Amino acid sequence: MHRIGVIGGGTMGAGIAEVAARAGGEVLVLERDTDTAYLARARIARSLTRAVEAGKLARADGDEAAGRIAVTTSLDDFADRELVIEAAPEIEELKIGFFTKLDAIVAPEAILATNTSSIPVIRIATVTANPGRVVGVHFFNPVPVLPLVEIVVTLHTERAVADKVTAYARDTLGKRTIESKDQAGFVVNALLIPYLCAAIRMAESGFASVADIDEGMVAGCAHPMGPLRLADTIGLDVTLAIAESLHTEFREPQYAPPPLLRRMVDAGYLGRKTGHGFYSY
């Protein structure tokens, strides 16, 4: 697959577009207006520049990758895409709207993928005429750095579709892949979110400070990042959305979002992307 579409040029969408372009793909990114299209381009350019400055990417390769990325505000421009990866915000109605429209625009053999981290993929797939071509392709933030992609297979996903997307992520993008059934949280977040919620409850109760909780897991368990800083990096709104999805599906107390997490999201303290979460940035 060479002609790749990405729905959304935010943190995740920009990262997906970058790795696809660095792997030689011709990438088209959808944004809602010219202002957000400009921000998406700037976001990708900064990431490529950081990779060059860190010695992880030759300048010429970075320039070529940037040249393979285009940004549009029209979904109709996606008609020739072979693979479209949706990376819109975690709002089910928004994602369903995109898939309903894409289903009528792209070729019947094109693959439609969602990067959702919390919404059951089957709910998105069944709004299309052929849910067999819909698959979850869950990248991790920051996309250019973290090597894992979860391939999420629904009850409808065709085996050939899952295999083709797995091969693309592994052989073209150079990612490591794992496969998950379509249940809330998939593999990684089903394990990770209860851990993050436990750390938030510990801070909320005053049992230990934010800094000491994180230092305990970094210095005591050799984690590269403490749970509260990790929640900031993921985004507290995303963490909340996944916790809510897990709790809705399994009704287990360890998945219930702590009140402090809800209050911080209500206050707009979403972590690194807003400059304030459990830490200030």
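Model, not experiment: these values are computed from the prediction.

K.L.:
Is there a simple way to think about the packing of helix H7 (residues 188–205) against helix H8 (residues 210–221) in this case?
P.N.:
In a pair of packed helices, the angle between the axes and the distance between the axes together describe the arrangement. Contact geometry for H7 and H8: axes closest at 9 Å, N-to-C directions at 140°. The angle between H7 and H8 falls in the class oblique. Taken as a pair, H7 and H8 cross one another with a handedness that is right-handed. Across from Tyr195, Ala199, Met202 and Ala203 in H7, the residues of H8 making contact are Val210, Ile213 and Met217. The residue inventory of the contact of H7 with H8, partitioned by class, reads seven nonpolar, no polar and no charged.

K.L.:
Any chance you could explain the sheet that holds strand E7 (residues 148–153) here in plain terms?
P.N.:
Adjacent strands of a sheet form backbone hydrogen bonds with each other and so pair up, either parallel or antiparallel. The sheet built from eight strands is open, its strands ordered E3-E2-E1-E4-E5-E6-E7-E8 with mixed pairing. The open sheet has two edge strands, strand E3 (69–72) and strand E8 (176–181), and neither has a second partner. The sheet shows a mean angle of 25° between the axes of neighbouring strands, taken without regard to direction. In this structure, strand E6 (residues 134–139) lies alongside E7, joined through four bridges in antiparallel fashion. Along E7, the bridge assignment pairs Gly136 with Val152. Across the sheet, helix H6 (residues 159–172) is in contact with strand E1 (3–7), strand E4 (83–86), strand E5 (111–114), E6, E7 and E8; its angle to E7 comes to roughly 175°.

About the criteria used
Residues numbered from 1 in each chain as written. Predicted model: local features only at pLDDT ≥ 70, side-chain atom pairs only at ≥ 80, totals over all residues. Heavy atoms only, no water. Axes fitted to C-alpha atoms, helices over the stretch in contact; angles between N-to-C directions. Helix = DSSP H or I, 4+ residues; strand = E, 2+ residues; numbered from the N terminus. Parallel < 35°, antiparallel > 145°, perpendicular 65-115°, else oblique. Left-handed = near helix turned anticlockwise from the far one by under 90°. Contact = heavy atoms within 4.5 Å. Nonpolar A, V, L, I, M, F, W, Y, C, P; charged D, E, K, R; others polar. Pairing = 2+ DSSP bridges.

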